[in-house]
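Fold and geometry: a report
Okay, here's what each chain looks like letter by letter:
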Amino acid sequence: MHILWLKNELLHPLDKGGRIRTYEMLRRLRDHHRVTYVALDDHSSTAEQRARAAEYCDELVLVPWRAAPLKSWRRALAILANAFSSLPFAVAPYRCSAMTEAIRARCAGPDGADVVVCDFLIPALNVPDGLPCPVVLFQHNVEAMIWERRTLVAGNPVLRAYMGEQWRRMRRVERDQCLRFDHVVAVSPEDAAVFREQYGVQRVSSVPTGVDTDFFRPTGTVAQTPGNIVFTGSMDWMPNEDGMTWFVGEVLPLIERAVPGVTLTIVGRNPTARVRALADGRSHVRVTGTVPDVRPFLEEAAVVVVPLRIGGGTRIKIYEAMGMERAVVSTTIGAEGLDVANDRHILRADDASAFADAVVSLLQSTERASEIGRAAAEHVRTHFGWASVADQFAERCLAAAASVPDRPIPAMSMSSS
């Protein structure tokens, strides 16, 4: 099967959950299928990024594109101009007619794609109608849900009004795009249910989140640090920033009262000024910034926390911590969509007091923390390796082809896992 995979960016560095998920799936899909990867390029990609694309695709197609400004007054002007658009600001800058033409060209002729996979909502506006092969939308999140939750937690009335308008736009665009595709693949049954029940999408299914079960396991070379709490995640992503601000401001002081001497390590790329400020005046809070490998930090952890109040999709960071045999405390939203049992594989808590109590219980009982960590690791190693997830995704692509009348069903080989 020839898969034409569309994304707004190259995958390296693997420092975000969405990139990791796509990378791990494409690596396994390439064992049995041909992959052409089409991405937008604002001329900032490096030779290393382009070379490493060979790890996950057979052919790389970079489409020239002008990125929206990310900082300073230019970004403010872009946000202001977006007030007159029907598109949300998170999507509008990625419209690209050159990408549309590249997609058409690579679907034409006898060597054209058997299936097109649009990875995330962002490239969806560039997918033309009338392609000769089925088109699948791979939704790592319910994007509108993220904006809805941002609106609900926004304290500033002006910010809340802005977030609310972006949420309404995102919901409309996301619904229209989901209905336009031949099939939608979600990353959890819960997300699939949202697409079905709120958007009216009939052709929708889900694949689970996976983890590299060989990579994420204890090395035995890094000692666990008693009282050390760890969070991992991209620290320029607003849900992570919000979650850690809430945790440091409202949860951590409660933990400190019960367990003096606790430390907190916030691990992840590009920490915002707001995140870096969490360590100001707090010698027991460390913000690492980008690290080459999160495993040593997870191995040092006595407890891993995922205190998210905003977000969607599924949390790869939780399965990574579970693979490292670490006990995790998460909010319900933080563990949303994951096949994990409360009090067995992780602990769930939502308000500040309950979250603090859950962390304290694990810090005060290393035996219980170890028991949960071992059960968690066994669970992900048994059920959530990436090879199995990639096979399930390939099956969804075949089902999409079979569901479209008068389109040939591609030949398809599957792995034995």
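Throughout what follows, the structure given in this document is the object of discussion. (Residues numbered from 1 in each chain as written. Predicted model: local features only at pLDDT ≥ 70, side-chain atom pairs only at ≥ 80, totals over all residues. Heavy atoms only, no water.)

1. Section: the overall build of the chain
On a plain count of helices and strands, the chain comes out with 14 helices and 13 strands. The C-alpha atoms of the chain give 22 Å as radius of gyration, which agrees with the globular expectation for 417 residues (22 Å, within 12%). Taking the principal axes of its C-alpha atoms as reference, the chain extends roughly 65 × 55 × 45 Å. Long-range contacts, defined here as pairs at least 24 residues apart, represent 68% of the contacts in the chain between residues at least 6 apart. (Helix = DSSP H or I, 4+ residues; strand = E, 2+ residues; numbered from the N terminus. Rg over C-alpha atoms; globule rule 2.2 N^0.38 Å. Contact = heavy atoms within 4.5 Å.)

2. Examining helix H5 (residues 143-153)
The buried fraction of H5 amounts to eight of the eleven residues, a majority that puts the element mostly inside the structure. Here H5 has its buried residues at Glu143, Ala144, Met145, Ile146, Trp147, Arg149, Arg150 and Thr151. Contacts made by the buried residues of H5 are with helix H6 (157-180), helix H7 (189-199) and helix H8 (238-258). (Buried < 20%, exposed > 50% of the residue type's maximum accessible area, 1.4 Å probe, protein only.)

3. Topic: the packing of aromatic side chains
Considering all chains together, one arrives at eleven aromatic pairs under this definition. Between Trp5 and Phe138, the aromatic rings sit 6.2 Å apart at their centres with planes inclined by 80 degrees, giving edge-to-face as the arrangement. Here Trp5 is found in strand E1 (residues 2-7), whereas its partner Phe138 is found in strand E5 (residues 135-139), with 133 residues between them in sequence. Assigned by exposure class, Trp5 and Phe138 land together as buried. (Phe/Tyr/Trp six-rings, centres within 6.5 Å; stacked < 30°, edge-to-face > 60°.)

4. A few points about the nonpolar core
If you look at the biggest cluster of nonpolar residues, it comprises 58 residues, and the most contacted ones within it are Phe247 and Ile255. When residues of this core are assigned to their parent elements, the largest contribution, eight residues, is made by helix H12 (residues 352-364). Setting aside residues no more than four positions away along its own chain, Phe247 makes contact with Ile229, Leu252, Pro253, Ile255, Leu264, Val305, Pro307 and Phe355. Counting residues in each nonpolar core, the second largest holds 42 residues, with Leu87, Ile103, Ala144 and Val201 among its members. (Core = buried A, V, L, I, M, F, W, Y, C linked by side-chain atoms within 4.5 Å.)

5. Re the environment of Ser45
Mapped onto the fold, Ser45 is located in the loop between strand E2 (34-41) and helix H2 (47-52). Classification of Ser45 by relative accessible area gives buried; the value is 13%. In terms of polar contacts, Ser45 uses its side chain to reach the side chain of Asp41, at 3.3 Å. (Polar contact = N/O pair within 3.5 Å; in protein donor to acceptor, adjacent residues only side chain to side chain.)

6. A word on the environment of Glu24
By the element assignment, Glu24 lies in helix H1 (residues 17-29). With 217 residues separating them along the chain, Glu24 and Glu241 place their C-alpha atoms 26 Å apart. Apart from the residues lying within four places of it in its own chain, the contact partners of Glu24 are Asp212 and Trp386. Within polar-contact distance, the side chain of Glu24 engages the side chain of Arg27 at 3.2 Å.

7. Concerning the sheet that holds strand E10 (residues 285-289)
Taken together, the six strands give an open sheet; going across it, the order is E10-E9-E8-E11-E12-E13, and neighbouring strands pair in parallel fashion. Taken across any chain shown, the strands that pair with only one partner, and hence form the sheet edges, are E10 and strand E13 (347-348). Alignment of strand E8 (residues 228-232) against strand E9 (residues 263-267), held across five bridges, turns out to be parallel. Within the sheet, the bridge partner assigned to Phe231 lies in E9 and is Ile266. (Pairing = 2+ DSSP bridges.)

8. Details of the packing of H1 against helix H14 (residues 386-403)
Helices that pack against each other are described as a pair by the angle of their axes relative to one another and the distance between those axes. Between H1 and H14, whose axes approach to 8 Å, the crossing angle comes to 75 degrees. Regarding the angle of H1 to H14, the classification is roughly perpendicular. Touching Arg21, Glu24, Met25, Arg28 and Leu29 of H1 are Trp386, Ala387, Val389, Ala390, Phe393 and Ala394, all from H14. (Axes fitted to C-alpha atoms, helices over the stretch in contact; angles between N-to-C directions. Parallel < 35°, antiparallel > 145°, perpendicular 65-115°, else oblique.)

9. Topic: the side chain of Arg19
Following the sequence through the fold, Arg19 ends up in helix H1. Using a relative accessible area of 10% as the deciding quantity, one classes Arg19 as buried. Side-chain polar atoms of Arg19 contact the side chain of Glu9, separated by 3.0 Å. Every residue in contact with Arg19, bar those within four places of it in the chain, is listed here: Glu9, Leu10, Leu11, His12, Pro13, Leu14 and Arg269.

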